[in-house]
Amino acid sequence: MALLEIRNVTRRFGALEAVKDVTLAIEAGEFFTLLGPSGCGKTTILRMIAGFDEPDAGDILLDGRPLTGIPPEQRPLHTVFQSYALFPHMTVAGNVAFPLETAGKPRDEIRRRVGEALALVYLTDKAESFPHELSGGQKQRVALARGLVNKPRLLLLDEPLGALDAKLRVEMQSELIQLQRDVGITFVFVTHAQQEALALSHRIAVMKDGRVEQCDEPDTLYTQPANRFVADFIGKINLIEVAVAAASKVLLTLDAPGLGQIAATDLRPLKAGERGAFALRPELVRVFGHKESADLKNRFEGRVRELLYLGDVTHYKIELANGFVIEALMPNAAPGRAKFHEVGDPVAVCWRHDAGVFLRA
Ligand code: ATP
């Protein structure tokens, strides 16, 4: 049995259906993420789990028991917000102790558990500091310690890293992974940052307009997106309009108007004439001199229209003969060479048969 079950949950605000018939099962010990653009309903789901809001239809069950009607403070969970929500007049230790004091725990136990929680987030030496004396990352670690001190069944995290600068955010991602592994508590994490979701989660539910579009492990979402929205929302992607020209058990021939034929591998039964998009990640597209490797399949000639040098990689936009633009991401691994090609250079691109996926229209 799943730890948390969300069954056919709908939430309306007037005419707006913010959450539409969502069903999800979250396992004990999972780092589970709700990912989607602003307004897709992530926070509304989190608020209903927390008990700050109730569904108009459907049920939310914890350990098989409906949470309906149980006030937030009686649910065995805790929410960590982007804004930290620390008490400014209390020390770090006081903030972390708060849930235990409210629960009337004995003094000795409070002292021991606050010590353990602060050690988990590397803040033992800040126990007597006040929130205004801490950095953003430290404040968020206090909020996490306060969330974990009561050993909840579920920790709900609403964009907890959203207020941190980019470098600190990446550091905190590693800390969160470690922390979740150490404590083994189920995390339900909300974010609109797709890379953060990929880096942190065991599974991700990608949402759009109140619905779950796909729920899978990060690498499945990235390599086998269920539809164009998921393909496009997670990472960069080339979406090439195609029709199936011929389909055998292992190989597809796709017709891309103006581009010609693409050979692709797809193990699903597809019929000639089906239309869709061929979704191809830029890092699977190779760029090389236009005279090289003329005998390769899936090889198209063009010119470099734009490039962005990003240090570790260069992001190319290659205009093919018919004006079609394809994006490629090439590692800058060659010593002493910052870029492989310049704007205007004649080049060729190619990719392997198994490099992309066909997405039905
Ligand atoms: P963000 O990333 O911007 O926080 P989100 O995916 O968490 O977005 P929600 O906050 O769940 O989105 O909101 C979903 C939709 O419901 C939005 O259109 C929002 O305006 C609307 N909404 C949320 N709460 C209320 C409310 N209390 N009253 C009216 N509309 C609401």
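Numbering of residues begins from 1 in every chain and follows the order in which that chain's sequence is written. Restriction of local features to residues with pLDDT of at least 70 applies here, the model being predicted, together with a cutoff of 80 or more for giving and counting side-chain atom pairs; totals for whole chains, interfaces and linings are based on all residues.

As recorded in an unreviewed UniProt entry, the protein goes by Spermidine/putrescine import ATP-binding protein PotA and comes from Sulfurisoma sediminicola. UniProt positions are given in the numbering used here, feature names are shortened, and annotations may be inferred rather than shown by experiment. Check the Function (unreviewed entry) section of the UniProt entry for the protein; it says "Part of the ABC transporter complex PotABCD involved in spermidine/putrescine import. Responsible for energy coupling to the transport system." The UniProt entry for the protein carries the following comment under Subunit (unreviewed entry): "The complex is composed of two ATP-binding proteins (PotA), two transmembrane proteins (PotB and PotC) and a solute-binding protein (PotD)."

(A) Inspection of the sheet that holds strand β1 (residues 4-13) at higher detail. Read from one edge of the open sheet, four strands run β2-β1-β4-β5, paired in antiparallel fashion. Either end of the sheet is taken by a strand with one partner, and the two such strands are β2 (16-26) and β5 (65-66). Pairing analysis gives two bridges linking strand β4 (residues 57-62) to β5, with the strands arranged antiparallel. Bridge pairing in β5 places L62 opposite R65. For two strands to count as paired, DSSP must find a minimum of two bridges between them. Per the convention used, a helix needs a DSSP run of H or I reaching at least four residues, while a strand needs a run of E reaching at least two, with both numbered from the N terminus.

(B) Examining the packing of helix α2 (residues 92-102) against helix α4 (residues 136-148) more closely. To obtain each axis, a line is fitted to C-alpha atoms, and for helices this fit is confined to the stretch in contact; angles are then taken between N-to-C directions over 0 to 180 degrees. Taken N-terminus to C-terminus, the directions of α2 and α4 make an angle of 30 degrees; their axes are 7 Å apart at the nearest point. Relative to α4, the element α2 lies roughly parallel. Handedness of the crossing formed by α2 with α4: right-handed. In this structure, α2 contributes V92, N95, V96, F98 and P99 to the contact, and α4 contributes V142, A145 and R146. All amino acids are sorted into three groups, where Ala, Val, Leu, Ile, Met, Phe, Trp, Tyr, Cys and Pro are nonpolar, Asp, Glu, Lys and Arg are charged, and the leftover types, Gly among them, are polar. Tallied by class, residues from the contact of α2 with α4 come to six nonpolar, one polar and one charged. Angle categories: roughly parallel below 35 degrees, roughly antiparallel above 145, roughly perpendicular from 65 to 115, and oblique for all the rest. Crossing chirality is assigned from the near helix's rotation relative to the far helix, an anticlockwise turn below a right angle marking it left-handed and a clockwise turn marking it right-handed. In this description, a residue-residue contact is defined by the distance between C-beta atoms placed from the backbone, which must lie within 7 Å.

(C) Layout of the environment of L144. Inspection of the secondary structure assignment puts L144 in helix α4. For the pair L144 and F81, spaced 63 residues apart in sequence, the C-alpha separation works out to 9.4 Å.

(D) Geometry of the site of the ligand. Put plainly, near means the residue's C-beta atom, positioned from the backbone, lies within 6 Å of the molecule or strand in question. Inspection of the region around the ligand gives F13, L16, A18, G36, S38, G39, C40, G41, K42, T43, T44 and H192 as its neighbouring residues. Those elements that place two or more of their residues in the shell around the ligand are β2 and α1 (42-50). Along the lines of polarity and charge, the residues of the shell around the ligand split into four nonpolar, seven polar and one charged.

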